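Here is what each chain is made of, one letter per residue.
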Amino acid sequence: MLSIDQAKQSVRQRVWEVLEREGAAPPGVHGHIPNFTGKEEAAARLADQAAWQRARVVKCNPDRAQLPVRVRALREGKLLYMAVPRLATPKPFYLLDPAVLTVPFETAATSAGAAEVAPTVGVEDMRPVDLIVCGSVAISRRDGVRVGKGAGYSDLEIALLIEAGLVSGDTAVATTIHGSQLLDEALPYADHDFSVDLAITPEEVVTCLSGRERPPGVMRERLRPDQLHDIPALR
């Protein structure tokens, strides 16, 4: 029997192969959050949702697939938090405030642009988050179980925010994906993984009802030695 990690990797490989075969993501998608075709349409569909329209503070991943989400958030005057790649700085989130940015939002909302123009903040200096948008490799239509690219950073980012009281059970979690990443089957998960409430493709919006409680915070007994060494916020 496959371990959870092996089962997840099998799902990733299958989805990456389908995306490449269909031309739904650029070549070289393996190992990454897919930069899928139709990401702008998925972002627009997300913006029609009540969870987005209510949100004043959004936390979004830094991947290219969600760049239209981040740009739209800034254009609509939302405060945007974006993780520093690999959570590698003592203050692990970029603060993007559209009221003070002096470069185009399309530049500021990239990883390279944010590193140039946005201050970094720790959880002690952040506002409560109204909506989380994450990147995904695969999502189960059944219950919102998410498979990421395998690095574990998205789970840690949310766990840090939960532990700091900035994310609660009422904070919506959404993902934008290609239709080929939305699977009808049950997907493997560990107890430190989070699920999504909304899975949004260019063609449809799926409301997911997982019935699972979110992890209570960082599960330190599950951390790898390299994570403790390389992520200052975990020390």
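For the structure itself, look to the data block above.
About the criteria used
Residues numbered from 1 in each chain as written. Predicted model: local features only at pLDDT ≥ 70, side-chain atom pairs only at ≥ 80, totals over all residues. Heavy atoms only, no water. Helix = DSSP H or I, 4+ residues; strand = E, 2+ residues; numbered from the N terminus. Buried < 20%, exposed > 50% of the residue type's maximum accessible area, 1.4 Å probe, protein only. Contact = heavy atoms within 4.5 Å. Polar contact = N/O pair within 3.5 Å; in protein donor to acceptor, adjacent residues only side chain to side chain. Pairing = 2+ DSSP bridges. Axes fitted to C-alpha atoms, helices over the stretch in contact; angles between N-to-C directions.

Next up on the list: unusual backbone geometry. The backbone of Arg-86 sits at a positive phi, close to 60°, despite the residue not being glycine. Residue position: Arg-86 is located in the loop between strand S2 (79-83) and strand S3 (93-96). Take Arg-86: its relative accessible area is 57%, and that puts it in the exposed class.

Looking now at the environment of Glu-22. Within the element layout of this structure, Glu-22 appears in helix H1 (residues 4-22). Contacts of Glu-22, omitting those with residues within four sequence positions, involve His-178 and Ser-180. A polar contact is formed between the side chain of Glu-22 and the side chain of Ser-180, at a distance of 2.6 Å.

The next subject is the sheet that holds S2. As summarised here, the arrangement of the eight strands in space is S4-S3-S2-S1-S5-S8-S10-S11, forming an open sheet in which the pairing is mixed. Bordering the open sheet on either side are strand S4 (120-121) and strand S11 (205-207), each of which pairs with just one other strand. Helix H2 (residues 39-47) rests against strand S5 (131-134), strand S8 (172-176), strand S10 (198-200) and S11 of the sheet, and its axis sits at about 155° to S8. Packed on one face of the sheet, helix H4 (residues 67-75) meets strand S1 (57-60), S2, S3, S5 and S8 and runs near 150° to S2.

With respect to the element layout, Lys-78 can be found in the loop between H4 and S2. Residue classification places Lys-78 among the buried positions, given a relative accessible area of 1%. Among the polar contacts made by the side chain of Lys-78, one reaches the main-chain carbonyl oxygen of Trp-52 at a distance of 2.9 Å. Setting aside anything within four residues of it in sequence, one finds Lys-78 in contact with Trp-52, Gln-53, Ala-55, Arg-56, Val-58, Ala-73, Leu-96 and Pro-98.

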